[in-house]
Each structure stands twice: as structure tokens, then as C-alpha cells.
Amino acid sequence: MPVTLEAVRPIALAEIREARARIAGIVVRTPLLRLELGPDYPDIRLKLENLQPINAYKLRGAANAVAMLSESERARGVWTISAGNAGQGVAYAARTAGVPCTVVAIETAPVSKLERMKALGAKLIPVPYDVAWKALDERSFPGVLGTFVHPFDDHNFIAGHATMGLEILEDAPDTTAVIAAIGGGGLITGVGSAIKALRPEIRTWGAEPETAAPAALSFTRGSPQVFTQWTASFVDGAGGKSVFPRMWERMKPVVDGCIVVTLEETKRAMRLMAEKARVISEGAGALPLAAALTGKAGPGPIVAIVSGGNIDLKKFFELVDEAN
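Residues numbered from 1 in each chain as written. Predicted model: local features only at pLDDT ≥ 70, side-chain atom pairs only at ≥ 80, totals over all residues. Heavy atoms only, no water.

Some details on the overall build of the protein chain
Here's step 1: The helix and strand inventory of the protein chain stands at 13 helices and ten strands.
Here's step 2: Expected size for 324 residues packed as a compact globule is a radius of gyration near 20 Å; at 18 Å, the protein chain falls within 12% of this value.
Here's step 3: Out of the 324 residues in the protein chain, the part that is buried amounts to 59%.
Here's step 4: Long-range pairs, those at least 24 residues apart, make up 73% of the contacts in the protein chain with a sequence separation of at least 6.
Here's step 5: Surface summary for the protein chain: the accessible area is close to 13,000 Å², and the carbon and sulfur share equals 54%.
Here's step 6: Once the 35 positive and 34 negative side-chain charges of the protein chain are each reduced to a mean point, those two points are 2 Å apart. (Helix = DSSP H or I, 4+ residues; strand = E, 2+ residues; numbered from the N terminus. Rg over C-alpha atoms; globule rule 2.2 N^0.38 Å. Buried < 20%, exposed > 50% of the residue type's maximum accessible area, 1.4 Å probe, protein only. Contact = heavy atoms within 4.5 Å. Areas by Shrake-Rupley, 256 points an atom, 1.4 Å probe, with all protein chains shown as cover. Lys, Arg positive; Asp, Glu negative; His and termini not counted. Charge placed at Lys NZ, Arg CZ, Asp CG, Glu CD.)

A few points about the pattern of salt bridges
Here's step 1: What the rule picks out here adds up to 26 salt bridges.
Here's step 2: One network of salt bridges, in which partners are shared, links R34, E36, D43, R45 and D174. (Salt bridge = Lys/Arg side-chain N within 4 Å of Asp/Glu carboxyl O.)

Some thoughts on the sheet that holds strand β4 (residues 101-106)
Here's step 1: Pairing within the open sheet is parallel, and its four strands lie in the order β5-β4-β3-β6. One side of each edge strand has no neighbouring strand; the edge strands of this open sheet are β5 (123-127) and β6 (147-148).
Here's step 2: Across five bridges, β4 lies against β5 in parallel orientation. By the bridge assignment, V104 is partnered in β5 with I125.
Here's step 3: Of the strands in this sheet, β3 (78-82) and β4 are in contact with helix α4 (residues 85-97), which crosses β3 at around 160 degrees. (Pairing = 2+ DSSP bridges. Axes fitted to C-alpha atoms, helices over the stretch in contact; angles between N-to-C directions.)

Some thoughts on the sheet that holds strand β7 (residues 177-181)
Here's step 1: Read across the sheet, six strands follow the order β1-β2-β10-β7-β8-β9 without closing on themselves; strand pairing throughout is mixed. Two strands close off the open sheet at either side, each with one partner strand: β1 (32-35) and β9 (257-261). Averaged over all pairs of adjacent strands, the angle between their axes in this sheet comes to 30 degrees, without regard to strand direction.
Here's step 2: The pairing of β1 with strand β2 (residues 44-48) spans four bridges and is antiparallel. Note that in β2 the partner of L35 across the bridge is I44.
Here's step 3: Its contacts with the sheet put helix α9 (residues 214-221) on β8 (203-209) and β9, and the angle it makes with β9 is roughly 135 degrees.

Considerations on helix α11 (residues 263-277)
Here's step 1: Across its 15 residues, α11 extends 21 Å between first and last C-alpha, which sits within 8% of the 21 Å expected from 1.5 Å per residue.
Here's step 2: What α11 keeps buried is the set L263, T266, K267, A269, M270, L272, M273, A274 and A277.
Here's step 3: Positioned one or two residues after α11, R278 has a phi angle of 55 degrees, which is positive. (Expected span 1.5 Å × (residues − 1).)

Section: the side chain of E49
Here's step 1: Within the secondary structure, E49 sits in the loop between β2 and α2 (58-67).
Here's step 2: Under the relative-accessibility criterion, E49 is labelled buried at 0%.
Here's step 3: Discounting residues that sit within four places of it in the chain, E49 has contacts with T30, N55, A56, Y57, R60, M164, I305, V306 and S307.

Worth remembering: the numbers are spatial, not functional.
Given below as C-alpha cells:
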């Protein structure tokens, strides 16, 4: 049976502030660290969401969405679809609230993310990427019961992510641009909603890998697009095969564009953060820094959101060793 969805509407500033109060006891106010690179580089600050309890920003949205469930919805349990970080966020928030959680997990997700979801008490159902993407669109999966928490196309989820925008403006009021990786689009929509409500002159940019860049294609063509050259890579938490029409509707008013970077640029950004700031980032978390280093977002100050650090350490060392 088709799911009836509420119409897409803007994330109001009042909702963002309410979400901030609602999730204050669960999420961390993460630091904003200036990356010291010298005069030949843009002025870049790192928003370290890899320091959240689940090592990724998704906890913000998940905590807000779970907190807003009714008692009857909590009793039925929750489920989500994830390559790792959203699943961890929902599992963590559900465990905190005493709510059962199931995750339809993309089977190629890093082992560290799968194990962390299990450790947080989630029941995992591994599926191929294409099956998960179809289930995201249909918002259903055979045999899974409970309240579905969409990992990006969910108003309350996005409002939780938007709380990050308030922190950025408080800690770096001189910001001229903010860059966030785009996977489904929930992060950039949330942060962009807060930024544009308070400081509309600040540019908000998405970042995608060259192997999976449907948002950049959509901004170029002015409508939601399918990325036919999609290829799997170590950047498992960003980029997709398409932009969902509802997410395009959400992003358009609050995002200025999208910067595409190569896998080599992403590896170099991962290495740079490790060397200069002792920050371990997963591929998606390094995309914004890689995008900032292209110069396309201007001289700064630029805030690059390090969305997560959930990566197998062996894989991390291999990638940064390959960076040239």
C-alpha cells in the first residue's frame, strides 16, 4: 500500500531551536577547529561531527525523530535503512528511549559500522545496495514492522541536523561558506535551513565524489537527476544513484550548489586532517575539506563539516598511504 507523505515544507527556525533543546542531553556540541594550512590556502574550519557518541552527525536527526514519536509508535519499535551512520544514530537514540530497533543495512557497509549497530542493540537485515535504495523510495521492506524513520527525507530528522547550523554561526560568525557532503540530502538541507534563516548571505555548498554525483548534476540541470555512471567507492556515506524529487524540493531553497571532487582529492583531505589536526575521517567526512581546497567556495572563512569518522582503521591507513 502506498505511503501517504506529508507535503514538503521549510524547516522553521523555531523548530530548529526546539530540536536543539530536545536533543541537548544526547548529542555533543562539537568543536569548530581552524585548520592551519598557511597563506596559500583558504581559511578553513572543521566542524568535528566525528566526535559525536556514534562518531557521526546522524545522531542529531535520529535523536530528534525518536524523541518526537508517540507512545504507541515507540511501543511498535522503529526501523531504518542505512549504510551505517543513520543506523547507528537511530539505534543509539532508540536504545536511550528504550525502543526496539531494526536496521535494513546495506551489506557492503564497513564492518566497523555494522558491528557498531549490533553493539547498540539493533537487529540487522543485510541487503544489497539496490534493494536498500528501492526500500528507501517505497518506505517499506517485507517482514519489517514498526515506525519507519527515514534516514534523510524526514522533517524531524532534518530539523535535528539543522541544530549544527546554529552552533556554526555562534562559533564562527565570520563564516562566508559552509560545505557538507550530500548523500540523501538531509544534512545539507538541515544546516542550510538554519544558515539561510539567520545569515542568508552565507553560501551553502554540497560536496560529492566524482563516482556518485547526482546532486551536482541536478543543480546543473535544475531538476532531480539520476547519475547513470554511479560506481561504488570507499566514500560509502555520500553520493548516490539519484536525487529523490522530495529531497530536491527541500534542498533547492537553501543550497547554493554542489562541488564534485575526485577520489584522490578525498584521500588527500583524509590525510591532511590526520596530519594537521589528528582527525580520523571517513571518506564522506573528508569531501567538504576536499571541496574547500579546490577554491570553488572562495577564500573563506569556510566551515567544512566532518560528518563522520566511522571507517575501519586498516582501510583508513591504506587510503591515506595511497594519497599523494
